[in-house]
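# Architecture at a glance
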Amino acid sequence: MHRSPVSQRLTSAHRSDFNEGETMAQADWVAVLKLASQWSVPSIRALAIRRLRPIVSAFDRLLLARAFRVDEWLADSLAEICTAAQPLALEHIRCMTYEDIALVMAVREQVQSLDYREEKKATLHVDVLEMVKQRLVCCAGEQVSSDLTGEARTAASNGADAS
């Protein structure tokens, strides 16, 4: 009987090397995330989230965040989509929720109305992330904790000035 890589990895989850050095394809990690979410296995779910973060696009992170309640990806993936140079592709729009489409459009319009000169472009992502978080709070009716303090914004701005 031939077992899939995902099945092989899940059956060896008790081994100490499950977290280290193992490379799997994006589709396999998505399958792990799906199963770990369905079966309520937080440690494997956290591992899948950690492993997927650097290998999936902002758009895919948004879809995965919505599908599997990966709340820590939501604001950042939306901010990346908002700051993307290219317009949303029709196939992407078809996969998004109405709320996410409206949020992306509103934030993009807000950014266009602001004057982002070269000296201010360094803080664009930080500013857009804050706009997204504010809109998520309004849409959800609940407060999203902000991990960006005034000091973080100043540090980001100062770091850009040094380059």
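For the structure itself, look to the data block above.
Residues numbered from 1 in each chain as written. Predicted model: local features only at pLDDT ≥ 70, side-chain atom pairs only at ≥ 80, totals over all residues. Heavy atoms only, no water.

A word on the overall build of the protein. On a plain count of helices and strands, the protein comes out with nine helices and zero strands. Going from the N terminus to the C terminus, the protein shows its helices and strands as α-α-α-α-α-α-α-α-α. Among the 163 residues that make up the protein, the fraction classed as buried is 33%. For the protein, the share of sequence-separated contacts (at least 6 apart) that also reach a separation of at least 24 residues comes to 47%. Carbon and sulfur atoms make up 54% of the accessible area of the protein, which amounts to about 10,200 Å² in all. (Helix = DSSP H or I, 4+ residues; strand = E, 2+ residues; numbered from the N terminus. Buried < 20%, exposed > 50% of the residue type's maximum accessible area, 1.4 Å probe, protein only. Contact = heavy atoms within 4.5 Å. Areas by Shrake-Rupley, 256 points an atom, 1.4 Å probe, with all protein chains shown as cover.)

When the charged atoms of two side chains with opposite charge come close together, those side chains can pair. Tallied over the full model, the rule gives six salt bridges. Measuring nitrogen to oxygen at the nearest pair gives 4.0 Å for the salt bridge that ties D76 to R61. With a gap of 15 residues between them, D76 in helix α5 (residues 71–83) and R61 in helix α4 (residues 58–68) connect regions that are remote in the sequence. Both residues of the pair, D76 and R61, belong to the buried class. (Salt bridge = Lys/Arg side-chain N within 4 Å of Asp/Glu carboxyl O.)

A word on the nonpolar core. Nonpolar side chains tend toward joint burial in soluble globular proteins. In this structure, L78, V107 and V132 are the most contacted members of the largest nonpolar core, which totals 36 residues. Elements represented by at least two residues in this core include exactly α2 (26–38), α3 (42–52), α4, α5, α7 (98–113) and α8 (124–140). The element that contributes the greatest number of residues to this core is α5, accounting for seven residues. Leave out the neighbours within four places in its chain, and L78 touches L62, D100, L103, V104, V132 and L136. (Core = buried A, V, L, I, M, F, W, Y, C linked by side-chain atoms within 4.5 Å.)

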